[in-house]
Amino acid sequence: MQSKPVALKVLDGVTVSLMAVSVYLVLVFAPMEAVMGNVQRVFYYHVAAGWVGMIGFLFAVFAAVMYLWKGDRKWDVMELAGIEVGLIFSFINIVTGSIWARPIWNTWWTWDPRLVTATIMELVYIAYLMLRQGIDDPERRARFGAIYAIVGFLSVPLSFFSIRIWRTIHPVVIGSGDAGAEGSFDMTADMRTVFFFCLITFTFLAVDLLWHRVRLGFLADKVEQLKMQLSS
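Calculation criteria
Residues numbered from 1 in each chain as written. Predicted model: local features only at pLDDT ≥ 70, side-chain atom pairs only at ≥ 80, totals over all residues. Heavy atoms only, no water. Phe/Tyr/Trp six-rings, centres within 6.5 Å; stacked < 30°, edge-to-face > 60°. Helix = DSSP H or I, 4+ residues; strand = E, 2+ residues; numbered from the N terminus. Buried < 20%, exposed > 50% of the residue type's maximum accessible area, 1.4 Å probe, protein only. Lys NZ or Arg CZ within 6 Å of the ring centre and 35° of its normal. Core = buried A, V, L, I, M, F, W, Y, C linked by side-chain atoms within 4.5 Å. Contact = heavy atoms within 4.5 Å. Axes fitted to C-alpha atoms, helices over the stretch in contact; angles between N-to-C directions. Parallel < 35°, antiparallel > 145°, perpendicular 65-115°, else oblique. Left-handed = near helix turned anticlockwise from the far one by under 90°. Nonpolar A, V, L, I, M, F, W, Y, C, P; charged D, E, K, R; others polar. Expected span 1.5 Å × (residues − 1). Polar contact = N/O pair within 3.5 Å; in protein donor to acceptor, adjacent residues only side chain to side chain. Salt bridge = Lys/Arg side-chain N within 4 Å of Asp/Glu carboxyl O.

K.L.:
Could you clarify how one ought to interpret the packing of aromatic side chains in this entry?
P.N.:
Each aromatic ring pair is specified by the distance between its two centres and by the angle formed by the two planes. Under the definition given, this model contains 8 aromatic pairs. Consider the rings of Phe-43 and Phe-195, whose centres lie 5.5 Å apart with planes at 15°: the pair is stacked. With Phe-43 in helix H2 (residues 42–70) and Phe-195 in helix H7 (residues 189–231), this residue pair connects regions lying 152 residues apart in the sequence. Exposure remark for Phe-43: the relative accessible area of 7% places this residue in the buried category. Residue Phe-195 is classed as buried on the basis of its relative accessible area, which comes to 2%. Ring centres of Tyr-45 and Phe-202 lie 5.2 Å apart, and the angle between their planes is 35°; this geometry places the pair in the tilted category. In this pair, Tyr-45 is assigned in helix H2 and Phe-202 in helix H7, connecting sequence segments 157 residues apart. The ring centre of Trp-69 lies 4.1 Å from the NZ or CZ of Lys-70, which sits over that ring.

K.L.:
When you look at the nonpolar core in this model, what are you seeing that I'm missing?
P.N.:
Nonpolar side chains tend to gather and get buried jointly when the protein is soluble and globular. Within the largest apolar cluster, 44 residues are counted, with the highest numbers of intra-cluster contacts made by Tyr-44, Phe-57, Ile-83, Phe-89 and Tyr-125. Those elements that provide at least two residues to this core are helix H1 (6–29), H2, helix H3 (73–105), helix H4 (113–133), helix H5 (138–152) and H7. Ranked by residue count, the leading element in this core is H2, at 14 residues. Ignoring sequence-local partners within four residues, the contact set of Tyr-44 consists of Val-26, Ala-30, Met-191, Val-194, Phe-195 and Cys-198. Judged by nonpolar contacts, the second largest core, of 6 residues, contains Met-36, Trp-100, Trp-105 and Leu-115.

K.L.:
Help me understand the packing of H1 against H7 in this model?
P.N.:
If you want to describe how two helices pack, look at the angle between their axes and the distance between the axes. Following both chains from N to C, one finds H1 and H7 inclined at 150°, their axes separated by 9 Å at the closest point. Our classification of the angle between H1 and H7 gives roughly antiparallel. When you trace H1 past H7, the crossing you get is left-handed. Along the lines of polarity and charge, the residues of the contact of H1 with H7 split into 18 nonpolar, 4 polar and 4 charged.

K.L.:
Just checking my understanding: could you explain the side chain of Thr-15 for this structure?
P.N.:
Among the secondary structure elements, Thr-15 is positioned in helix H1. Given a relative accessible area of 4%, Thr-15 falls into the buried group. Filtering out sequence-adjacent residues up to four positions away, Thr-15 remains in contact with Phe-204, Leu-205 and Asp-208.

K.L.:
So what exactly am I meant to see when it comes to H4 here?
P.N.:
In an α-helix, one turn spans 3.6 residues, which is why side chains three or four residues apart end up on the same side. Over its 21 residues, H4 runs 30 Å from end to end, which matches the ideal 30 Å to within 8%, given 1.5 Å per residue. All buried positions along H4 are accounted for by Pro-113, Arg-114, Leu-115, Thr-117, Ala-118, Met-121, Glu-122, Tyr-125, Tyr-128 and Arg-132. Taken together, the buried residues of H4 touch H2, H3, H5 and helix H6 (155–165).

K.L.:
Help me understand the side chain of Arg-73 in this model?
P.N.:
In this structure, Arg-73 sits in helix H3. You can call Arg-73 buried: its relative accessible area is 14%. A polar atom in the side chain of Arg-73 sits 3.4 Å from the side chain of Glu-139. Once residues within four sequence positions are removed from consideration, Arg-73 is found in contact with Tyr-67, Pro-138, Glu-139, Asp-221, Glu-224 and Gln-225.

K.L.:
Just checking my understanding: could you explain H2 for this structure?
P.N.:
Here H2 is 29 residues long and its end C-alpha atoms lie 42 Å apart, about the 42 Å a rise of 1.5 Å per residue gives. Residue Gly-71 follows H2 closely and has a positive phi angle near 75°.

K.L.:
Just to check I follow, could you spell out the pattern of salt bridges for this structure?
P.N.:
Where side chains of opposite charge bring their charged atoms close, a pairing between them can arise. Summed over the entire model, instances satisfying the criterion amount to 4 salt bridges. One salt bridge in this structure joins Lys-4 and Asp-12, with 2.9 Å as the shortest N-O distance. Classification of Lys-4 as partly exposed rests on a relative accessible area of 31%. Measuring nitrogen to oxygen at the nearest pair gives 2.8 Å for the salt bridge that ties Arg-132 to Asp-76. In this pair, Arg-132 is assigned in helix H4 and Asp-76 in helix H3, connecting sequence segments 56 residues apart. Each of the two residues, Arg-132 as well as Asp-76, counts as buried.

Nothing here speaks to function; it is geometry throughout.
In structure tokens:
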């Protein structure tokens, strides 16, 4: 097994440090929101998780296009890694949103356009993993997976713009929101500092996890190729 690259070790350390600082900023430095109270602190990680989840899916689209163009299996590995990382953070986004919604909306779930489209997006990419599991041939699996990743990405902008297209009670964090949004608030300077720091921190975390997942994927691909050689 190849040793961990020095750059990845440095990234691991930087990511851990940033996460520790972000916890302090969220729990101690950020002021308490006047109306929602402490539950508003979930917002910093909620938005950051949604941001990097979409970045993971966008990375997967890039890798899918590169695979269809180049036919190199390494891009298939990167595509799968991007979708898995995107799924993890999108799930965190949905869960933290429910934690926030319970005291603010008095329910864990409501059929709001943002919640519905975010859940559809998550299910679309879970179906992607199921599709891959159902195809044994590596080349066909990679080809069909790449096409699915590109088409499935349509669910990402649909989820992002849903609170700007339809009437919704979900607050718009940046920019003007619907007048009926429940839980909207204006960020103070300290809140904005914590907000953008968490976005940067989660971006580092996503890149770190993505790098580790790609390395694991390359090893799994080598094992699969060896198995095919032995069985042929």
